[in-house]
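Summary of the model geometry
Below, each chain spelled out in residue letters.
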Amino acid sequence: MKQEDIRRLIGDFLANEITDSGIDQLKEWLASSPENRHIFDIENELWQKTSFKNSSAGFDPVCAWKEVKGRIPGMSGSKAGTVTLSRRSLTLLVAAASITLLMAIGGITLWISGKMVQREIIASNAIIRTSEGEK
C-alpha cells in the first residue's frame, strides 16, 4: 500500500471519517509491522496535540448573548442611542435631501457643460483683421 494511502487512512481514522473497509485496511497495515504501529502512534500523538479541544461544555449561549447585548450601545434595553423622528421632521429631512441632490446634479451638469463650451471656443478658427493685415 502506498504511503499516501496510509496517511489518508490514518487521517480519516483520527478525524472519525473512516469507512469500514478503511478500518480493515488500517488494521491489516498495523498488524503487518511493528514499525507501522510506531508510525501510527506518532501520527496519533501529533493529532492529539494539535487538535481543537471542544470547550463548549458549560457554555450557555443565551446568557452569553445577554452579556454581549448589554455591552452594545443601544441594545441594553434602554433607548439610549436611538433617534426617533416625528412625521414632520422626517418630511423636512427628505425634502432637504432631495433639494441637495438636485443642486448637486445641477452643479455637476453645469460644470460638465462649461468644459464642453470651452473646448468648442478653443477649437474654433477665427480670422482677425487688423490694420497690419489678417491674422
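Everything quoted here is computed from the prediction, not taken from an experiment.

Considerations on the overall build of the protein chain
When its secondary structure is counted, the protein chain shows five helices and two strands. Secondary structure elements of the protein chain occur, N-terminal to C-terminal, as α-α-α-α-α-β-β. The contacts in the protein chain between residues at least 6 apart in sequence include a share of 26% that link residues at least 24 apart. Roughly 12000 Å² of accessible area belongs to the protein chain as shown, and the carbon and sulfur atoms make up 60% of that amount.

So, the side chain of asparagine 36
Note that asparagine 36 resides in helix α3 (residues 34-50). The buried category is assigned to asparagine 36, whose relative accessible area is 11%. With residues near it in sequence (within four places) discarded, asparagine 36 still touches Trp29 and Leu30.

Here we look at the pattern of salt bridges
Within the structure shown, the criterion is met by five salt bridges. A salt bridge links glutamate 43 to arginine 7; the nearest nitrogen and oxygen atoms lie 2.2 Å apart. You can see glutamate 43 sitting in helix α3 and its partner arginine 7 sitting in helix α1 (residues 3-14), a full 36 residues away along the chain. Looking at glutamate 43, the relative accessible area reads 23%, which means it is partly exposed. On the basis of relative accessible area, arginine 7 is assigned to the partly exposed category, the value being 42%.

With respect to unusual backbone geometry
The phi dihedral of asparagine 16 is positive, around 60°, even though this residue is not glycine. As for its placement among the helices and strands, asparagine 16 is situated in the loop between α1 and α2 (20-32). Given the relative accessible area of 71%, asparagine 16 is considered exposed.

With respect to the nonpolar core
If you look at the biggest cluster of nonpolar residues, it comprises nine residues: Ile6, Leu9, Ile10, Leu14, Ile18, Leu26, Trp29, Leu30 and Phe40. The dominant element in this core, judged by the number of residues it contributes, is α1, at four residues. For isoleucine 18, the residues in contact, after removing those within four places along its chain, are Leu9, Asp12, Phe13, Ile23 and Leu26.

Here we look at α1
Taking 1.5 Å of rise per residue, the 12 residues of α1 would be expected to cover 16 Å, and the 16 Å separating its terminal C-alpha atoms lies within 8% of that figure. Looking at the buried positions of α1, the neighbouring elements they touch are α2 and α3. Positioned one or two residues after α1, asparagine 16 has a phi angle of 60°, which is positive.

Section: the packing of α2 against α3
At a closest axis distance of 5 Å, the pairing of α2 and α3 adopts a crossing angle of 120°. By the criterion of interaxial angle, the relationship of α2 to α3 is oblique. Contact residues: Leu26, Trp29, Leu30 and Ser32 in α2; Asn36, Arg37, Ile39 and Phe40 in α3.

Section: a nonpolar patch on the surface
A cluster of nonpolar residues, Val83, Leu85, Leu90, Leu93 and Val94, forms a patch on the protein surface that exposes about 490 Å² of accessible area. With respect to the helices, strands and loops of the structure, leucine 90 is situated in helix α5 (residues 87-123).

Re the packing of α1 against α2
Viewed as axis vectors pointing N to C, α1 and α2 meet at an angle of 115°, and their least axial separation amounts to 10 Å. Between α1 and α2 lies a crossing whose hand is left-handed. Between α1 and α2, the contacting residues are Ile6, Leu9, Ile10 and Phe13 on the first element and Gly22, Gln25, Leu26 and Trp29 on the second. Classifying every residue of the contact of α1 with α2 gives six nonpolar, two polar and no charged.

The rules we used
Residues numbered from 1 in each chain as written. Predicted model: local features only at pLDDT ≥ 70, side-chain atom pairs only at ≥ 80, totals over all residues. Heavy atoms only, no water. Helix = DSSP H or I, 4+ residues; strand = E, 2+ residues; numbered from the N terminus. Contact = heavy atoms within 4.5 Å. Areas by Shrake-Rupley, 256 points an atom, 1.4 Å probe, with all protein chains shown as cover. Buried < 20%, exposed > 50% of the residue type's maximum accessible area, 1.4 Å probe, protein only. Salt bridge = Lys/Arg side-chain N within 4 Å of Asp/Glu carboxyl O. Core = buried A, V, L, I, M, F, W, Y, C linked by side-chain atoms within 4.5 Å. Expected span 1.5 Å × (residues − 1). Axes fitted to C-alpha atoms, helices over the stretch in contact; angles between N-to-C directions. Parallel < 35°, antiparallel > 145°, perpendicular 65-115°, else oblique. Patch = residues over 30% accessible without salt bridge, like charges linked within 9 Å, V, L, I, M, F, W, Y side chains within 5 Å. Left-handed = near helix turned anticlockwise from the far one by under 90°. Nonpolar A, V, L, I, M, F, W, Y, C, P; charged D, E, K, R; others polar.

Keep in mind these numbers describe shape, not what the thing actually does.
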